[in-house]
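Below, each chain spelled out in residue letters.
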Amino acid sequence: MFSINSIHSLRLKLLAIPVLCSFTMLTAQASEPVRIILDTDISNDCDDAGALAVLHALADQGKAEIIAIVTNIKCPANASAAAVDAINTYYGRGNIPIGTDKDGLKFRTLRPSSFTAAVRDEFPHDTPGDLQCPDSIDICRKALASQPDHSVVYCSVGALSNMEDLLRSSPDQHSPLNGKELIRKKVRVTVIMGGGFPRTVSPETNLLLDPSAAVTITNYWPGKIIWQGYEVGKAIITGAALKKAGKDNPVRRAYELRPFGEGKAIDHGKPSHDQAAVLLAVLGILPEYWIEISNGRVVIDSDGHSQWKAGRKKSHRYVKIKGSPRKLGDLIEHLMIQPPAATKTF
Ligand SMILES: [Ca+2]
Ligand SMILES: [Ca+2]
């Protein structure tokens, strides 16, 4: 026999089941790692190496899954992909697909990197020279095609050349979709470290490396883009904490070798453009760290100048740091010096 009270209680329990189920589903969704493609110009600056350290630490926490890494620079030492693989291998993820842009930045002569060749030569990996690696676009298309719809975060921390080539790519063995269709179907959000906001006086490096690609991306890349201007990373100084990291850490080595100011980047740290972009890509625009500016769009001119135009229809946003940049700096350094969770795999 059920009393009125027990029937009422049973009804409440039955009502609670779907609520519990949907909460569990939400929790499962929230804890799913962010599938990320990193597009890096690792060669000149070592914040790209720092960004890889942050990304691997977030992957160790189960927050990110690195599905591919592509480089967008013609590293004079031909060693950008090998340096990336040495870092991946250190963190136990030496089998992440890596692609290179064969004609990357053909318009500019770049200085030799202070660290890519050393990282290639001093640390274990199994990647050949950049010219022998698979092409960035092939790697990107394959990675995107293999992922669930609207699941990938594309994070760019260098020139936008690969993005332009991907956008203009044709159907291939990986997907019957063209580049724009494939991006629209698979990419959930794009994070771009580039430009400066609300406007730049002189062009920012990543846009200046390939201004026509930057113009194309800002006009035609589909979906939501979070822009992070140079003023953000410039305010966040990190890297000195790598003195506490092991000597077998290739990211520490990059900071030991890369000149900054009077000495090296590891002495007192340096700006953290690329690490900040990776944080945004994996953790999103967390309100304790960021102010989000929306309801407008980014406009880039052919000289590489950028500005924010309010009130224009486009799924663009840009971010400003909320409060002290040190909060972000502490989080980045904490992640940069985490030892790998896994053992080395090639
Ligand atoms: Ca490898
Ligand atoms: Ca970079």
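Quick note: structure is the one above.
Right, let's walk through the structure included here.

Basis of the calculations
- Residues numbered from 1 in each chain as written.
- Chains lettered and ligands numbered in written order.
- Predicted model: local features only at pLDDT ≥ 70, side-chain atom pairs only at ≥ 80, totals over all residues.
- Heavy atoms only, no water.
- Pairing = 2+ DSSP bridges.
- Helix = DSSP H or I, 4+ residues; strand = E, 2+ residues; numbered from the N terminus.
- Axes fitted to C-alpha atoms, helices over the stretch in contact; angles between N-to-C directions.
- Contact = heavy atoms within 4.5 Å.
- Donors = N, O, S within 2.8 Å, 3.2 Å for Na, K, Ca; no water.
- Buried < 20%, exposed > 50% of the residue type's maximum accessible area, 1.4 Å probe, protein only.
- Salt bridge = Lys/Arg side-chain N within 4 Å of Asp/Glu carboxyl O.
- Polar contact = N/O pair within 3.5 Å; in protein donor to acceptor, adjacent residues only side chain to side chain.
- Phe/Tyr/Trp six-rings, centres within 6.5 Å; stacked < 30°, edge-to-face > 60°.
- Lys NZ or Arg CZ within 6 Å of the ring centre and 35° of its normal.
- Parallel < 35°, antiparallel > 145°, perpendicular 65-115°, else oblique.
- Left-handed = near helix turned anticlockwise from the far one by under 90°.
- Expected span 1.5 Å × (residues − 1).
- Nonpolar A, V, L, I, M, F, W, Y, C, P; charged D, E, K, R; others polar.

1. Points about the sheet that holds strand β13 (residues 316–321)
Reasoning step 1: Here nine strands make up an open sheet; going across it, the order is β3-β2-β1-β4-β5-β6-β13-β11-β12 and the pairing mixed. Each edge of the sheet is formed by a strand with only one pairing partner; in this case those strands are β3 (98–100) and β12 (306–310). Recorded for the sheet is a direction-independent mean angle of 30° between the axes of neighbouring strands.
Reasoning step 2: Two strands pair when backbone bridges link them, and strand β1 (residues 34–40) and strand β2 (residues 64–71) are joined in this way by seven bridges, in the parallel orientation. From the neighbouring strand, L38 faces β2, where its bridge partner is I69.
Reasoning step 3: Against the sheet, helix α5 (residues 136–145) engages β1, β2, β3, β4 (152–157) and β5 (187–193), with an angle of about 160° to β2.

2. Here we look at the coordination of the calcium ion (ligand 2)
Reasoning step 1: In the first shell of the calcium ion (ligand 2), the protein supplies D41 (OD), D48 (OD), D48 (OD), V157 (O) and D274 (OD), at 2.3 to 2.6 Å from the metal.
Reasoning step 2: One chain supplies every donor for the calcium ion (ligand 2), spaced along it as D-x6-D-x108-V-x116-D. Of the two residues, D41 is situated in the loop between β1 and α2 (47–60) and V157 in strand β4; the sequence distance between them amounts to 116 residues. The pair D41 / V157 is uniform in exposure class, with both members buried.

3. Details of the pattern of salt bridges
Reasoning step 1: Applying the stated criterion across every chain yields a total of 16 salt bridges.
Reasoning step 2: A salt bridge links R253 to E122; the shortest N-O distance between them is 2.7 Å. Here R253, found in helix α11 (residues 250–257), pairs with E122, found in helix α4 (residues 116–122); they are 131 residues apart in sequence, far enough to count as distant.
Reasoning step 3: By relative accessible area, R253 is classed as partly exposed at 23%.
Reasoning step 4: By relative accessible area, E122 is classed as partly exposed at 42%.
Reasoning step 5: Residues joined by salt bridges that share partners form a network here, namely E122, R252, R253 and E256.

4. Comments concerning the pairing of strand β6 (residues 225–228)
Reasoning step 1: A two-sided burial pattern is seen for β6, the buried positions comprising I225 and W227 on one face and I226 and Q228 on the other.
Reasoning step 2: Sheet topology places β5 next to β6; four bridges connect them, and they run parallel. Paired with T190 across the bridge in β6 is I225.
Reasoning step 3: When β6 meets β13, the two strands line up parallel, connected through three bridges. Along β13, the bridge assignment pairs I226 with R317.

5. Brief notes about the environment of N206
Reasoning step 1: In this structure, N206 sits in helix α8 (residues 205–209).
Reasoning step 2: Ignoring anything within four residues of it in the chain, the contact list for N206 reads D41, V157, G158, A159, L160, M193 and G194.
Reasoning step 3: Reaching out from N206, the side chain makes a polar contact with the backbone oxygen of M193 at a distance of 2.8 Å.

6. Quick notes on the packing of aromatic side chains
Reasoning step 1: Scanning the model with the defined rule gives five aromatic pairs in all.
Reasoning step 2: Each member of the aromatic cluster is reached from another via a ring pair, and the members are F197, W227, W308 and Y318.
Reasoning step 3: One residue, K270, lies across the ring of F260, its end atom 5.8 Å from the ring centre.

7. Overview of the packing of α2 against helix α3 (residues 80–90)
Reasoning step 1: Between α2 and α3, whose axes approach to 10 Å, the crossing angle comes to 30°. The orientation of α2 relative to α3 falls into the category roughly parallel. For the pair α2 and α3, the sense of crossing is right-handed. Contacts from A49, L52 and H56 in α2 reach V84, I87 and N88 in α3.

8. Some details on α2
Reasoning step 1: Here α2 is 14 residues long and its end C-alpha atoms lie 20 Å apart, about the 20 Å a rise of 1.5 Å per residue gives.
Reasoning step 2: Counting buried positions along α2 yields 13 of 14 residues, so the element is predominantly enclosed.
Reasoning step 3: At the C-terminal side of α2, G62 shows a positive phi close to 80°.

9. Concerning helix α14 (residues 325–336)
Reasoning step 1: Under the 1.5 Å per step criterion, the end-to-end length of α14 is 16 Å for twelve residues, consistent within 8% with the ideal 16 Å.
Reasoning step 2: Along α14, the residues classified as buried are L328, G329, L331, I332, E333, L335 and M336.
Reasoning step 3: Put simply, S324 is the residue that caps the front of α14, since its side-chain oxygen is 3.0 Å from the backbone nitrogen of R326.

10. What to know about the packing of α2 against α14
Reasoning step 1: The interhelical angle for the contact between α2 and α14, taken along N-to-C directions, is 75°, at an axis separation of 8 Å. Here α2 lies roughly perpendicular to α14, going by the angle between them. Contact residues: G50, A53, V54, A57 and L58 in α2; I332, L335 and M336 in α14.
Reasoning step 2: Of the residues in the contact of α2 with α14, the class split is seven nonpolar, one polar and no charged.

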